[in-house]
Every structure is written in structure tokens, then in C-alpha cells.
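Descriptive analysis of the structure
Here is how the chains run, residue by residue.
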Amino acid sequence: MLASCLLAQGFMGSPDVSILSFVRVPDEVIRKRLLIDGDGAGDDRKINVLLKSFTKWCNSPGTPEEGFTQYQRMLGTLAQCEFSMGKTLMVYDMNLREMENYEKIYSNIEQNIMSAHEKIAECKKEIQRAKRIRKNRQEYDALAKVIQQHPDRHETLKQLEALDKELQQLSHIKENVDAKLELRKKQFHVLLSTIQELQQTLENDEKSDDDNNQESPAENGE
Amino acid sequence: MRLKSDLVQQQQLQKKPFVSYVLLISHVINRVFEWLQLLHMSVFSQSFSPCGRFLAAGNNYGEIAVFSLSAALSPDATAANQKPVLTFTAHEGPVFSLLSTDVHLLSAGNGEISAWSWNELTKKCLCVCRSSLEIPEINSMIINPRDNSLVVGGGDNNIHIMDLEHGVFKNVLQGHSDYIHCVSVRDREAEILSGGEDGAVRMWDSRSSQCVHCIEVYKYESCARPQFGKWISCLTTDSDWMLCGGGPSLSLWHLRSLSPTSIFPLSGCQRQAAFYQDKILAVGEGAFVSHCLLGGEVKAQIPCTPQSLNTLQLNTNSTEHRVLTVGGSSDHIDVFTNLSYRAFSLSF
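All values reported here derive from a predicted model rather than from experimental measurement.

**Topic: the overall build of chain B**
When its secondary structure is counted, chain B shows four helices and 28 strands. By residue count, 51% of the 348 residues in chain B fall in the buried class. Partitioning the contacts of chain B with sequence separation of at least 6, the portion at a separation of at least 24 is 42%. Carbon together with sulfur atoms contributes 51% to the accessible area of chain B, which is approximately 16,000 Å² in total.

Here it is, written out as C-alpha cells:
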């Protein structure tokens, strides 16, 4: 059983399928081998086939034409293998460069995110400032409304001046009237005192006349 | 072993169908009672933890629930994350006011202020120290950062100032003729503002404890709404400007000149308002949060779950959990991650 499967392996060259059909192998090994080989399952087989055909060709007893055809065939297979190898290398290069590109884009985006964060923080500060300014403006407006209700300062000052002047005039008039009153009072006082004095003098005169009259009859009687 | 005892129990129950029936009925009644409780629940106060990752909310049954914001806001949050991590009964009466210091959560009930340690709360154990006062009902508390004191406004028409270092009451500010709804602190000028049921907003100098100004908002024709009354239920200040509202319309006042600059045409009485960047957020009667501009126009009204809202809080303690939460006459607390729409609701 084992010998026949080994022979089959030698003939076919790609061990996976033959092993699967005859022996129980863990799945992971198969999975790993498939991953590694992948698309290149054919390549691996090709190289094995090439190797075997080379050894066969070296040891073949056939005609030189057959040998030449086999030789050409082998060259063709070799070229195919080289071609696929070159392709894989290019794909590898491409992957590396894509990775670099992605790294660049990634760092770019990160920087953008950071600057956006900073801008957001600044804008928030701006909003706070703007709100404060708005609050102050509204306070001014509210106060201004109240102030408007009170009359203008110039007008009030003018009214005050006019009132002052009126007050002065009136006090002036009052002084004049007072002075006149005083004068009249004094004049009346003079008049009255003169009258009183005259009265007094007249009374005195009468009295002295009476006295004289009393004395003279007394003199006449003697 | 366990299986056998279960079987025995079942057999016993089967022998007494009446007992199992009664148990079932009581279970159903319990569930109905719980559901009714949830229906009648109102959230009166909220406070964020100093690290910004927890929210404490107090309701009208005297319970405080602690919610984990980081769990509820994470990308893989589930419905269980919107339930509290801890609920406990803090007071017998409703919890009207909650306040967070760097270390403690202060809660005010009827006549007592309790301080709960935030560290212990996050670890789900309770550690409390209480101070009892004679104040019948504490509506509002705020911290005056200048001298590290607690300003308490209560139902006895007075403002009490307590020193947080020693826990001793330093001062009493008297002047209001009716109970006090709300207090606020004006940082730059070291003043305390208080608004009360008597319709007056009083400004007190915190150093000399004298009443510096008294504004009777209902006497200004542009603000007054006699159909609602004269009480002031919401007061907040930005050092130069003050928002006050309640019975009268919500209005913006310039404090240097003590004159109202803008009146906001919001129907209903506003219960809490806040300055936020260039806007004003206000909540009150009505199932929405109003966004207004300082000029007096109402820019937007964002709908919410509760029918009327009592409290509004902005989480300024944390940068990654910067949310707005509102609570009101419902067991749901709405959370807004973007001010324009409601993201989700936490529930008791």
C-alpha cells in the first residue's frame, strides 16, 4: 500500500492530491501547503517535471531528434518557470509599494485629524468669546433702553438754568418790595412820632396855659 | 435540601388557598401604592456632587436619591443606569433645598439641616450630622464663598447666617414681613439678596448685616401681574444683573441703578432661573424650559416630561458631564446634554 503510493508520488510530482486520496493528513498542513503554493501548485509541479524529464533525457537511449525535441520542450518549460518567477517578483514589488503608499495616506489622514481637532478647539473658544460679546452687547442694549426713557441732559440743564434765572428775578423783586416796605414803615414811624410829639407839645402848652390862667385869677383876686 | 423545603412550603400553601390569596392581594395593593406614590411625587431640589459625576435630588416625601451621571451618560448605558444608585429618607417633611459644598451635601427639611458626606454617599453608606434650628421651613440655602458661611432663608421671615467652619449661627437678618422663598449671593459686592412672599427683594450687606436696598417688584407697573400675586419665588444674580420673578413677570434688573431693564413675556410663574453664557434659562409653570435672550425675547421653549418644573441645575463641576437637569411635579428628572432637546430622563 505504502510502496504503491510512493511510486504514484514519484510519477505525478505534486504530492498533495495523491496524499489526500490515500493517507489521512491533518487539514492545517494541507491548508498551509496550499497557501504557500497557491497559484503556483502548477509551478512546483512544472519544476519537478522538468527535473524528471532532464534526468530522463540525460539517461535516455532514444534518437537524437527525440532528444532534441525533448531538449526544446525542456527549454520551453524553463522559460515558462522563469516567466512566472519574474511575475511573482513584480507582484511582490507592487505590494511593497502599495504598502508604502497606504502608510503615507494613513499618516496624512492622521495629521488631518489632528489639525481638525485643533481647529475644533479654536472654534469652540471663538464661540465662547462671541457669546460673551453678545451678552455684553445685550446688556448695553438693555441699559440703553432704560437710559432712553430718561430725558436728555441738555434739556434738563437748560430747564435748570431757566428756573435759576426765574428764581433770581423773583428774589430780586422780593428784595425791592421788602426795601420799599421798610421805607414806608420808617416814614410812617417818623410821621407818627412827629404827630405824637406835636400832641405832647400841645398838651404841655394847654397845661401851662391852664396853669397861667389859674395863677392870674388868683393874682386878680388879691 | 432547598428544593425539598420549597416543595413543603408549596404544599402547605396549597393546603391554605385563603392565605395565598391574601398574600397576593396585599402584594397587588403594595404595587398600586408604590405606583401612586410615584405619581404624586414632586422633585423640589437638586444638587451636583463636587466631582460632577453624581446628582442628588430631593422630593416631597423627604427622600434623597443619588444618581450616577457617569453611568447614565456612558455610551453603553441601560435603563437600569437611569435609576438611582442610592435612595434614602433624609427628613420627615419635603426636602426643599439641597446644596453641595466641597465635601458635603447639605439638605434642608422642616427645621433641620443635615450634612451628608459625598464620599460616603458614593459608597452607598450614610453618615450624617444634623443641626436643628427653630426655623419652621427652610426654602433656600446658599453658600457665601467670601467668608465660608451658609445663608439660610426660612419660614420665620428671617435669614440666618451660619459659619461652616464651626457650625455656629453668626447672624440673623430681619426685615422681611413674610416667609422667604429664595436667597442669592452677589460675589463682587459682598451682598446677600433675598426674595420673599411679601414681594420685596432685599439686599443685605454681608459684613454689616444691614439692609442696603429694598425693591418691591410688584410696585413697578411693567413687571406687576396682580392676577398672580406679589410673591417672588425665583432670584438669581450675576453681580451686576439680577433676575427675579414669581407672581410678577420674570424681569432682568440692573443692580447699580435698581431699574428693570427687560421683562420676559412668559405666561405662568417662574420658579427658578439661571444665567448661562449669553442666555437665560427659566423654569416654572408649564412643561418646558424657556430660553430667553437678555433683551427680553423668548428664543425657545424646550418641552420636558414633568407638567410643571420646580428646579433647574447646570453641572458646572465637570467638563465631560456638562448637563442641564430639570425636575418638577413628576418622578422623572429630565437630562439635557445639548440644551436644545431632552436627551433622557432619570427616574426615582
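**A look at the interface of chain B and chain A**
Many structure descriptions define interface size as the accessible area lost when the parts assemble. Contacts between chain B and chain A engage twelve residues on the former and ten residues on the latter. At the boundary of chain B with chain A, total buried surface from both sides reaches about 1,200 Å², with 53% on carbon and sulfur atoms. In this assembly, chain B and chain A are joined by two salt bridges. A salt bridge links Arg-134 of chain A to Asp-278 of chain B; its shortest N-O distance comes to 3.0 Å. Linking chain B with chain A are seven residue pairs in polar contact (both at pLDDT 80 or more), by the criterion used here. In terms of residue count, the dominant contributor to the side of chain B that touches chain A is strand 20 (residues 259-263) of chain B (four residues). The class makeup of the residues in the side of chain B that touches chain A is four nonpolar, six polar and two charged.

**Focus: the environment of Cys-129 of chain B**
Residue and element names in this part refer to chain B. Among the structural elements, Cys-129 can be located in strand 8 (residues 128-132). Once the C-alpha coordinates of Cys-129 and Ser-117 are considered, the two residues, twelve residues apart in sequence, prove to be 9.0 Å apart. Every residue in contact with Cys-129, bar those within four places of it in the chain, is listed here: Ile-113, Ser-114 and Ala-115.

**So, helix 5 (residues 64-149) of chain A**
Every α-helix carries 3.6 residues per turn, so stepping three or four residues along brings you back to the same face. Taking 1.5 Å of rise per residue, 86 residues should cover 128 Å, and helix 5 of chain A covers 125 Å from first to last C-alpha, within 8% of that figure. Along helix 5 of chain A, the residues classified as buried are Gly-67, Met-74, Thr-77, Cys-81, Ser-84, Lys-135, Gln-138, Glu-139, Ala-142 and Val-146 of chain A.

**A few points about a negative patch on the surface**
Residues and elements named next belong to chain A. A contiguous patch of negative charge, built from Glu-203, Asp-205, Glu-206, Asp-209, Asp-210, Asp-211 and Glu-215, is present on the exposed surface. For Asp-205, the location among the structural elements is in helix 6 (residues 153-221). Overall, the relative accessible area of 41% leaves Asp-205 in the partly exposed class.

**Side note on the packing of aromatic side chains**
Per the stated rule, a full pass over the model turns up seven aromatic pairs over all chains. A centroid spacing of 4.6 Å and a plane angle of 55° characterise the contact between Phe-88 of chain B and Trp-116 of chain B, whose relative ring orientation is tilted. With a gap of 28 residues between them, Phe-88 of chain B in strand 4 (residues 86-89) and Trp-116 of chain B in strand 7 (residues 112-117) connect regions that are remote in the sequence. The exposure class assigned to Phe-88 of chain B is buried, which follows from its relative accessible area of 6%. Taking the centre distance of 4.9 Å and the plane angle of 85° together, the rings of Tyr-220 of chain B and Trp-253 of chain B count as edge-to-face. Here Tyr-220 of chain B is found in the loop between strand 16 (210-216) and strand 17 (232-237), whereas its partner Trp-253 of chain B is found in strand 19 (residues 251-254), with 33 residues between them in sequence. An aromatic cluster of at least three residues, connected via ring pairs, comprises Phe-54, Trp-57, Phe-68 and Tyr-71 of chain A.

**Structural notes on a nonpolar patch on the surface**
Where nonpolar side chains cluster on the molecular surface, the patch consists of Phe-18, Val-19, Tyr-21, Val-22, Leu-23, Ile-25 and Ile-29 of chain B and spans about 690 Å² of accessible area. For Ile-25 of chain B, the location among the structural elements is in helix 2 (residues 17-39).

**A short note on the sheet that holds strand 18 (residues 241-246) of chain B**
Residues and elements named next belong to chain B. Pairing is antiparallel in the open sheet, where four strands are placed in the order 17-18-19-20. The two strands at the open ends of the sheet, each matched to only one other strand, are strand 17 and strand 20. Averaged over all pairs of adjacent strands, the angle between strand axes in this sheet comes to 25°, irrespective of strand direction. Pairing geometry for strand 18 and strand 19, over four bridges, is antiparallel.

**Examining the pattern of salt bridges**
Residues and elements named next belong to chain B. Tallying each qualifying case throughout the model produces ten salt bridges over all chains. Put simply, Asp-147 and Lys-170 hold a salt bridge, and the shortest N to O gap is 3.5 Å. One end of the pair, Asp-147, is in the loop between strand 9 (138-144) and strand 10 (149-154); the other, Lys-170, is in strand 12 (residues 168-174), with 23 residues separating them in the sequence. Its relative accessible area of 42% is what places Lys-170 among the partly exposed residues. With a closest N to O distance of 3.2 Å, Glu-189 and Arg-186 form a salt bridge.

**Quick notes on the nonpolar core**
All names here are of chain B. By size, the foremost hydrophobic cluster in this structure holds 15 residues, and its most contacted members are Leu-55, Ala-57, Phe-67, Ile-333, Leu-346 and Phe-348. The set of elements that each furnish at least two residues to this core consists of strand 1 (43-48), strand 2 (54-59), strand 3 (63-68), helix 3 (69-73), strand 27 (332-336) and strand 28 (344-347). Dropping the residues within four chain positions of it, Ala-57 is found in contact with Val-43, Ser-45, Gln-46, Glu-63, Ile-64, Ala-65, Phe-67, Leu-98, Ile-333 and Phe-348.

**Points about the pairing of strand 9 of chain B**
Across the seven residues that make up strand 9 of chain B, a large majority, five, are buried. Turn length for the strand 9 of chain B-strand 10 of chain B hairpin, with the two strands adjacent in sequence and antiparallel, is four residues, and the turn residue Asn-148 of chain B shows positive phi of about 50°.

**A closer look at unusual backbone geometry**
Residue and element names in this part refer to chain B. Residue Asn-148 is not a glycine yet carries a positive backbone phi of 50°. Along the polypeptide, Asn-148 turns up in the loop between strand 9 and strand 10. At Asn-157, a residue that is not glycine, the phi angle is positive and equals roughly 70°. Within the secondary structure, Asn-157 sits in the loop between strand 10 and strand 11 (158-163).

The rules behind each value
- Residues numbered from 1 in each chain as written.
- Chains lettered and ligands numbered in written order.
- Predicted model: local features only at pLDDT ≥ 70, side-chain atom pairs only at ≥ 80, totals over all residues.
- Heavy atoms only, no water.
- Helix = DSSP H or I, 4+ residues; strand = E, 2+ residues; numbered from the N terminus.
- Buried < 20%, exposed > 50% of the residue type's maximum accessible area, 1.4 Å probe, protein only.
- Contact = heavy atoms within 4.5 Å.
- Areas by Shrake-Rupley, 256 points an atom, 1.4 Å probe, with all protein chains shown as cover.
- Buried area = accessible area lost by both parts, 1.4 Å probe.
- Salt bridge = Lys/Arg side-chain N within 4 Å of Asp/Glu carboxyl O.
- Polar contact = N/O pair within 3.5 Å; in protein donor to acceptor, adjacent residues only side chain to side chain.
- Nonpolar A, V, L, I, M, F, W, Y, C, P; charged D, E, K, R; others polar.
- Expected span 1.5 Å × (residues − 1).
- Patch = residues over 30% accessible without salt bridge, like charges linked within 9 Å, V, L, I, M, F, W, Y side chains within 5 Å.
- Lys, Arg positive; Asp, Glu negative; His and termini not counted.
- Charge placed at Lys NZ, Arg CZ, Asp CG, Glu CD.
- Phe/Tyr/Trp six-rings, centres within 6.5 Å; stacked < 30°, edge-to-face > 60°.
- Pairing = 2+ DSSP bridges.
- Axes fitted to C-alpha atoms, helices over the stretch in contact; angles between N-to-C directions.
- Core = buried A, V, L, I, M, F, W, Y, C linked by side-chain atoms within 4.5 Å.

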